[in-house]
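Residues per chain, in single letters:
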Amino acid sequence: MRYVAAADGLRLAYDDQGSGAPLLCLPGLTRNMDDFEPVLEAYGDRARVIRMDFRGRGASDYGDPATYQIPQEAADVVALLDHLGLDKVCILGTSRGGLVAMVMASFARDRLSGVIFNDVGPKIMAEGLAAIMDYIGKPPAFRTLTEAAAALPQVYDGAFHNVPDSTWAAMARRIWREEGGALHLRYDPRLRDAVAPAFEPGAVLPDLWPLFDMLAGLPVGLIRGAHSNILSAETAAEMCSRRPDMAFAELADRGHVPFLDEPESQTVIDAVLGQLT
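Let me begin by describing the structure that accompanies this report. Only a predicted model underlies this, so the values are computations on that prediction, with no experimental measurement involved.

1. Remarks on the overall build of the chain
Then, number 1: Secondary structure summary: the chain contains 10 helices and 10 strands in total.
Then, number 2: The C-alpha radius of gyration computed for the chain amounts to 17 Å, which stays within 12% of the reference 19 Å derived for 277 residues, consistent with globular compactness.
Then, number 3: If you line up the chain on its principal axes, its C-alpha atoms span 50 × 45 × 45 Å.
Then, number 4: Within the chain, the proportion of its 277 residues that are buried is 56%.
Then, number 5: A separation threshold of at least 6 residues defines the contact pool for the chain, and within that pool the share at least 24 residues apart is 76%.
Then, number 6: Surface summary for the chain: the accessible area is close to 11,700 Å², and the carbon and sulfur share equals 53%.
Then, number 7: Computed over 25 positive and 38 negative side-chain charges, the separation of the two mean positions in the chain equals 3 Å.

See the structure below:
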């Protein structure tokens, strides 16, 4: 585990392994760099896999919840790139991470060599936002990681199929921390307060299509879970229409979000990385 200081002094955790074209992995809203363990395992011998925890998540410092916003997170990414001496990087962004990549296109496009979106796009489904508010910031409903892993197939019932028990166990370990006979969140629960206004019913979300269009000329990939409640089939189709050269895969047995160990997911990653080397 390594750390870089953000402009406000907050310590941001990251991991840097492998060699080759730099691939920066940015996690979802409440998630952390451990979600990209399958990417490091699959690509560490052909890419420089950099994994980052956003402020208030994982091993990064908790700060003022008012700073848990996408523009600040995008600025933190640029701070990491400067720290590492990287002129450009390809971003593999899961959910929130993909939104950060689009915001970067608005002020730091020259730092991007490509973008791979994992189940996210310029338009977010209201159904998914409501589902996030059902759990974000709340104490875990399970007592142990073993109990959580056993329950996850039912929690995600209807969205995920053909998932090995070992994958559910790894997911539980990545989401929660077991200590003192209880499970604990691996993020600042005040993150709920930071995002709640944008997630309220009727809230007007910014138009991100112009930011997606700013990626013109860069290699782009899209992975979608067929049962996603965040990225609709219509939005994915529009992304493909605007970028007919975009590598795209839809995973029949996945919802939000694919684990990135699936052959279809890795076909998309392969396609984008192949354009960088």
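Picking up where we left off.
2. Regarding the sheet that holds strand β5 (residues 89-94)
Then, number 1: With respect to topology, 8 strands assemble into an open sheet ordered β1-β2-β4-β3-β5-β6-β9-β10, the strand pairing being mixed. In this open sheet, the two strands that pair with only one neighbour each are β1 (2-5) and β10 (247-251). Pairs of neighbouring strands in the sheet enclose a mean axial angle of 20 degrees, with direction left out of account.
Then, number 2: For strand β3 (residues 21-26) and β5, the ladder comprises 4 bridges, and the chain directions are parallel. What sits directly across from leucine 26, in β5, is glycine 93.
Then, number 3: In the packing of helix α3 (residues 96-107) onto the sheet, the strands contacted are β3, β5 and β6 (112-118), and the crossing angle to β5 comes to about 140 degrees.
Then, number 4: Helix α9 (residues 233-242) rests against β6, β9 (220-225) and β10 of the sheet, and its axis sits at about 165 degrees to β9.

3. With respect to the side chain of serine 113
Then, number 1: Among the secondary structure elements, serine 113 is positioned in strand β6.
Then, number 2: Of the polar contacts made by the side chain of serine 113, one reaches the backbone nitrogen of cysteine 90; its length is 3.0 Å.
Then, number 3: Apart from the residues within four sequence positions on either side, serine 113 is in contact with Lys88, Val89, Cys90, Leu218, Pro219 and Leu276.

4. Comments concerning the nonpolar core
Then, number 1: Residues Leu24, Val77, Phe117, Phe212 and Leu215 are the most contacted members of the largest nonpolar core, which totals 44 residues.
Then, number 2: Among all residues touching leucine 24, those that are not within four sequence positions of it are Ile50, Met52, Val77, Leu80, Leu81, Val89, Cys90, Ile91 and Leu92.

5. Observations regarding the pairing of β10
Then, number 1: A one-sided burial pattern is seen for β10, the buried positions being Ala247, Ala249 and Leu251 and the unburied ones Phe248 and Glu250.
Then, number 2: Across 5 bridges, β9 lies against β10 in parallel orientation. The residue of β10 that forms the bridge with isoleucine 223 is alanine 249.
Then, number 3: Between the parallel elements β9 and β10, the chain passes through α9 in a crossover that is right-handed.

6. Some points on the packing of helix α2 (residues 70-84) against α3
Then, number 1: At a closest axis distance of 9 Å, the pairing of α2 and α3 adopts a crossing angle of 75 degrees. Between α2 and α3, the crossing angle belongs to the class labelled roughly perpendicular. Facing Ile70, Pro71, Glu73, Ala74, Ala75, Val77, Val78 and Leu81 of α2, the residues of α3 in contact are Arg96, Leu99, Val100, Val103, Met104 and Phe107.
Then, number 2: In the contact of α2 with α3, the residues fall into 12 nonpolar, no polar and 2 charged.

7. Quick word on the packing of aromatic side chains
Between two aromatic rings, the relevant description is the distance of the centres plus the angle of the planes.
Then, number 1: Applying the stated criterion to the full structure yields 8 aromatic pairs.
Then, number 2: On the numbers, 5.4 Å between centres and 85 degrees between planes, the contact of tyrosine 156 with phenylalanine 160 is edge-to-face.
Then, number 3: For phenylalanine 160, a relative accessible area of 9% puts it in the buried group.
Then, number 4: A ring pair is formed by tryptophan 168 and phenylalanine 259, whose centres lie 5.9 Å apart and whose planes are at 90 degrees; its orientation type is edge-to-face. Of this pair, tryptophan 168 sits in helix α6 (residues 165-175) while phenylalanine 259 sits in the loop between β10 and α10 (263-274); the two residues are 91 residues apart in sequence, bridging distant segments of the chain.
Then, number 5: In this structure tryptophan 168 comes out as buried when scored by relative accessible area, which is 3%.
Then, number 6: The exposure class of phenylalanine 259 is buried, given its relative accessible area of 9%.
Then, number 7: Over the face of the ring belonging to tyrosine 3 we find arginine 11, whose NZ or CZ atom lies 3.9 Å from the ring centre.
Then, number 8: A cation over a ring is seen here: arginine 57 above tyrosine 68, with NZ or CZ 5.9 Å from the ring centre.

8. So, the pattern of salt bridges
Then, number 1: Summed over the entire model, instances satisfying the criterion amount to 22 salt bridges.
Then, number 2: Arginine 143 serves as the salt-bridge partner of glutamate 147, at 3.1 Å between the closest nitrogen and oxygen.
Then, number 3: Owing to a relative accessible area of 27%, glutamate 147 belongs among the partly exposed residues under this scheme.
Then, number 4: Arginine 143 gets classed as exposed once you look at its relative accessible area, which sits at 60%.
Then, number 5: Its salt-bridge partner being arginine 243, residue aspartate 245 comes within 2.8 Å of it at the nearest N-O pair.
Then, number 6: One continuous salt-bridge network, built from bridges that share partners, spans Asp8, Arg55 and Asp76.

What counts, and at which threshold
- Here, residues in each chain are numbered from 1, in the same order as that chain's written sequence.
- Per-residue local features are limited, in this predicted model, to residues with pLDDT of at least 70; the limit for side-chain atom pairs, both in listing and counting, is 80 or more; totals at the level of whole chains, interfaces and linings are taken over all residues.
- By convention in this description, side-chain values take in all heavy atoms of the structure and omit both hydrogens and water.
- What counts as a helix is a DSSP run of H or I of at least four residues, what counts as a strand is a run of E of at least two, and both are numbered from the N terminus.
- In this treatment the radius of gyration is a C-alpha quantity, and the globule benchmark scales as 2.2 Å times the residue count to the 0.38 power.
- Exposure categories follow from relative accessible area, calculated using a 1.4 Å probe and restricted to protein chains: below 20% of the type maximum is buried, above 50% is exposed, and the middle band is partly exposed.
- Residues are treated as being in contact if the distance between any of their heavy atoms lies within 4.5 Å.
- Methods summary: accessible areas were calculated by the Shrake-Rupley approach with a probe of 1.4 Å, and residue burial reflects only the protein chains presented.
- When charges are counted, neither His nor the chain ends are considered; positive counts come from Lys and Arg and negative counts from Asp and Glu.
- Every charge is mapped to an atom, namely NZ of Lys, CZ of Arg, CG of Asp or CD of Glu.
- Strand pairing is defined by DSSP finding a minimum of two bridges between the two strands.
- Axes here refer to lines fitted to C-alpha atoms; in helices the fit is confined to the stretch in contact. Angles between the N-to-C directions go from 0 to 180 degrees.
- Nitrogen and oxygen atoms within 3.5 Å of one another constitute a polar contact, given that in protein one can donate a hydrogen and the other can accept it, and given that sequence-neighbouring residues count only through two side-chain atoms.
- Among the buried residues, those of types Ala, Val, Leu, Ile, Met, Phe, Trp, Tyr and Cys that are joined through side-chain atoms within 4.5 Å form a nonpolar core.
- Look down the strands so they point away from you; if going from the first strand over the helix to the second traces a clockwise path, that crossover is right-handed.
- Note on angle classes: values under 35 degrees are labelled roughly parallel, values over 145 roughly antiparallel, values of 65 to 115 roughly perpendicular, and the remainder oblique.
- All amino acids are sorted into three groups, where Ala, Val, Leu, Ile, Met, Phe, Trp, Tyr, Cys and Pro are nonpolar, Asp, Glu, Lys and Arg are charged, and the leftover types, Gly among them, are polar.
- Stacked, edge-to-face and tilted labels apply to pairs of Phe, Tyr and Trp rings (six-membered ring for Trp) whose centres lie within 6.5 Å, assigned for plane angles under 30 degrees, over 60, and everything in between, in that order.
- Charge-over-ring contacts are defined here by two conditions on Lys NZ or Arg CZ: a distance within 6 Å of the ring centre and an angle within 35 degrees of the ring normal.
- Each salt bridge in this description consists of a side-chain nitrogen of Lys or Arg and a carboxyl oxygen of Asp or Glu lying within 4 Å of one another.

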